[in-house]
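Spelled out, the chains give:
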Amino acid sequence: MKKFIRLYISAYSGLSQPAWMLSLVMLLNRMGAMVIPFLGLYMTEHLHFTLKETGLVLSFFGIGAISGSYIGGRLTDLVGHFKVQASSLFLSVPLFFVVPVLQTPFQLSIGILVLSLVTEIFRPANSVSIAYYAKPENLTRALSLNRMALNLGFSIGPAVGGFLAALSYNWLFYGNGLSAALAGFVFYAYFRRRKGNERLLNKNASQQKNALGSDLKNEAQVRSPYRDKYFLIFSFLCLLFAICFFQLLSTLPLFYKQEFHLEDSGVGLILAFNGFIVFLLEMLLVHLAEKKMTTFQSIVFGTLLLSISFALLLIHSGIWVLFVAMFIFSVSEIFVLPFTSTVTLKRAHKSNQGAYMGLNGLAFSAAHIVSPSLGTQIAANYGFDALWLSIAIVSLLVTFGFYFLRNKFRA
């Protein structure tokens, strides 16, 4: 037990103070993530939109997220990660207060498009900021700490949002705006004059240049992520993984409800189990993976676990299967998501890390649009077993894809 505690503590040791502060900013920002889980209910229950109108507005949210990932990456390389993050946080505040005024499907579609675009430009800049402030040897753990804060924020946000929605749906937007403002003030106060590991970054970039064999005489010759063939393949594999992974937010709750007849509290308990496992084990498992495995070995192992978790859902022998499958699903998430960000940041040159993170983020944003519609269509037409079998097969193919791609990367 003492050995486990020491190992657990060592997983958090060595992380820089800025890495902890970036995670605090992410926690404060995502604690206000009250709008997204209740947006559909807001439109159908409060504004009395039809399901078709509601779906249209939600699709604009996805379009804004994709655009935000791309624009955020580009802006990060042009003006720097600090300005992009500060602008995203502070500009989102008035937008959250304006959205409740929009009452028609057309007005709300435009408002949600702009809001999601502004909030999503934060992500690529935030990832580049972590690479700027973290020690190179602790990059993946710093990314994991940030992701853990994001997960914790998403756990707290909907709980608070449910209470506020009971008072008034408008308070969902006001609460989100106030949370973004608080995150913005903390971020600006701490990071406005903060220097990063510039010397280490320059040294790392020089080593990366030699490792990749690139002839980078100046920044004009730096490879664009959109012309990086192997990174495009990598991002496509991330898209397929994310389409499978994001069933967590759409068809899995429906499966629990319709096939196992669980109450809302039971569905919430299994989903909360996912957040608990990730929060409890991510830093420890990432720390161990960094010691025992290469980056791509972690991704391959995690993707294989995703396939196994969905294959287990084909066993109809009790609720225990749902918890076992969710545990394996959660461990899969831990082994894949932090390391895909590490690959992306190390694949990029220091002058275009934002563009690389933007392209990779775009893959995950696109999955947010494709995953629910594709999953629900397969489940409706062919049943949940056909859906889980399809996802298990696709995840297995993605596993092989990452395995054969590993030698093309030197990150």
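Everything numeric in this text was worked out from a predicted model, so none of it was measured.

Along the chain, the position of Ser 116 falls in helix H6 (residues 105–120). A distance of 3.2 Å separates a polar atom in the side chain of Ser 116 from the backbone oxygen of Phe 61. Beyond its immediate chain neighbours, meaning those up to four positions away, Ser 116 contacts Phe 60, Phe 61, Gly 64 and Ala 65.

Our next topic: the packing of aromatic side chains. Throughout the structure, instances matching the rule amount to 27 aromatic pairs. Relative to Phe 402, the ring of Phe 234 has its centre 5.7 Å away and its plane inclined at 65°; by these criteria the two rings are edge-to-face. Here Phe 234, found in helix H11 (residues 229–245), pairs with Phe 402, found in helix H17 (residues 384–405); they are 168 residues apart in sequence, far enough to count as distant. Like Phe 402, Phe 234 is buried. Feature note: the residues Phe 241, Phe 245, Phe 246, Phe 255, Tyr 256, Phe 260, Phe 310, Phe 329, Phe 384 and Trp 388 constitute an aromatic cluster, connected by ring pairs. Its end group placed over the ring of Tyr 190, Arg 194 keeps NZ or CZ at 4.1 Å from the ring centre.

Attention shifts here to the pattern of salt bridges. By the definition in use, this model includes 4 salt bridges. Residue Arg 123 pairs with Glu 120 through a salt bridge whose shortest N-O separation is 3.4 Å. For Arg 123, a relative accessible area of 34% corresponds to the partly exposed category. One salt bridge in this structure joins Asp 228 and Arg 223, with 3.4 Å as the shortest N-O distance. A relative accessible area of 2% means that Asp 228 is categorised as buried. The network of salt bridges with common partners includes Arg 223, Asp 228 and Arg 347.

Conventions we followed
- Residues numbered from 1 in each chain as written.
- Predicted model: local features only at pLDDT ≥ 70, side-chain atom pairs only at ≥ 80, totals over all residues.
- Heavy atoms only, no water.
- Helix = DSSP H or I, 4+ residues; strand = E, 2+ residues; numbered from the N terminus.
- Polar contact = N/O pair within 3.5 Å; in protein donor to acceptor, adjacent residues only side chain to side chain.
- Contact = heavy atoms within 4.5 Å.
- Phe/Tyr/Trp six-rings, centres within 6.5 Å; stacked < 30°, edge-to-face > 60°.
- Buried < 20%, exposed > 50% of the residue type's maximum accessible area, 1.4 Å probe, protein only.
- Lys NZ or Arg CZ within 6 Å of the ring centre and 35° of its normal.
- Salt bridge = Lys/Arg side-chain N within 4 Å of Asp/Glu carboxyl O.

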